[in-house]
Amino acid sequence: MSLSRNQQIIGLFAWLLLSVVTAAIGGAASIQAAPFYAELIRPDWAPPAWLFGPVWTVLYTLMAIAAWLVWRIDGFGANSGSRARMALLLFIAQLIANAIWSWLFFYWRDSALAFVDIVLLWLLIAATLVMFWRITPAAGVLLVPYLLWVSFAAALNYTLWQLNPS
């Protein structure tokens, strides 16, 4: 797919916007999260609440760039079976699971269901990473920090659920 410079810039901004919207949807659920998180019994290895914002900002940026790199190759493809199309649809599915997690954990305070969601999210990220890697390795590499952070977050979610069963 041959894109002009302007089309590439617009595409990058569109993927960044999609990531920002996902972050905003999740963020809306966690606006009042600080007091709730502070009240939880946390393991010694739990990061301070202030760390989550900067980490997620970097991760959402890397995610958007990864999607853009894949999109640049074939867009959503005229062929509904194109690898790029399937990979990007999987990427969007993991964004949805990502946004839902904050609502489950912080707003509805259901750490068990949040854990189920984060396991699904992990699986979706892993599959997206593999598909992105096969299309352009750079895109796959950009998702590695995201997968590692969600792995850590899943362990934290599980531990918080066990330490705070109610």
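Figured I'd write up the structure that's included with this text. What you are looking at is a predicted structure, and each value in this text was computed from that prediction instead of being measured. (Residues numbered from 1 in each chain as written. Predicted model: local features only at pLDDT ≥ 70, side-chain atom pairs only at ≥ 80, totals over all residues. Heavy atoms only, no water.)

**Structural notes on the overall build of the protein**
Looking only at helices and strands, the protein has 6 helices and 0 strands in total. The C-alpha atoms of the protein give a radius of gyration of 17 Å, which matches the 15 Å a tight globule of 166 residues would have. Every one of the 166 residues in the protein was classed for burial, and the buried ones make up 42%. Each charge sign in the protein was given a centre, from 7 positive and 5 negative side chains, and these centres are 17 Å apart. (Helix = DSSP H or I, 4+ residues; strand = E, 2+ residues; numbered from the N terminus. Rg over C-alpha atoms; globule rule 2.2 N^0.38 Å. Buried < 20%, exposed > 50% of the residue type's maximum accessible area, 1.4 Å probe, protein only. Lys, Arg positive; Asp, Glu negative; His and termini not counted. Charge placed at Lys NZ, Arg CZ, Asp CG, Glu CD.)

**Details of the nonpolar core**
The biggest cluster of nonpolar side chains holds 48 residues, and the ones touching the most others in it are Trp 15, Val 70, Phe 105, Phe 132 and Tyr 146. Taken together, the elements giving at least two residues each to this core come down to α2 (33–39), α3 (52–74), α4 (83–107), α5 (111–135) and α6 (137–163). Discounting chain neighbours no more than four positions away, the residues touching Phe 105 are Phe 36, Leu 40, Asp 110, Ser 111, Ala 114, Asn 157 and Leu 160. (Core = buried A, V, L, I, M, F, W, Y, C linked by side-chain atoms within 4.5 Å. Contact = heavy atoms within 4.5 Å.)

**Regarding the side chain of Thr 159**
Checked against the element boundaries, Thr 159 lands in helix α6. Taking relative accessible area as the criterion, Thr 159 reaches 19% and is therefore assigned buried. A polar contact is formed between the side chain of Thr 159 and the backbone oxygen of Ala 155, at a distance of 2.8 Å. (Polar contact = N/O pair within 3.5 Å; in protein donor to acceptor, adjacent residues only side chain to side chain.)

**Quick notes on α4**
The terminal C-alpha atoms of α4 lie 36 Å apart, and with 25 residues this matches the ideal 36 Å at 1.5 Å per residue to within 8%. Following α4 by one or two positions, Arg 109 has its phi on the positive side, about 50 degrees. (Expected span 1.5 Å × (residues − 1).)

**Overview of unusual backbone geometry**
Phi is positive for Arg 109, close to 50 degrees, though the residue is something other than glycine. Here Arg 109 shows up in the loop between α4 and α5.

**Things to note about α6**
The first and last C-alpha atoms of α6 sit 39 Å apart over 27 residues, in line with the 39 Å expected at 1.5 Å per residue. Taking the largest bend as the criterion, α6 deviates by roughly 30 degrees, centred on Leu 143, and proline Pro 145 comes between one and four positions later. (Bend = angle between axes of the 7 residues up to and from the residue.)

**Describing the side chain of Ser 111**
Here Ser 111 is to be found in helix α5. A relative accessible area of 12% places Ser 111 in the buried class.

Purely geometric numbers; function is a separate question.
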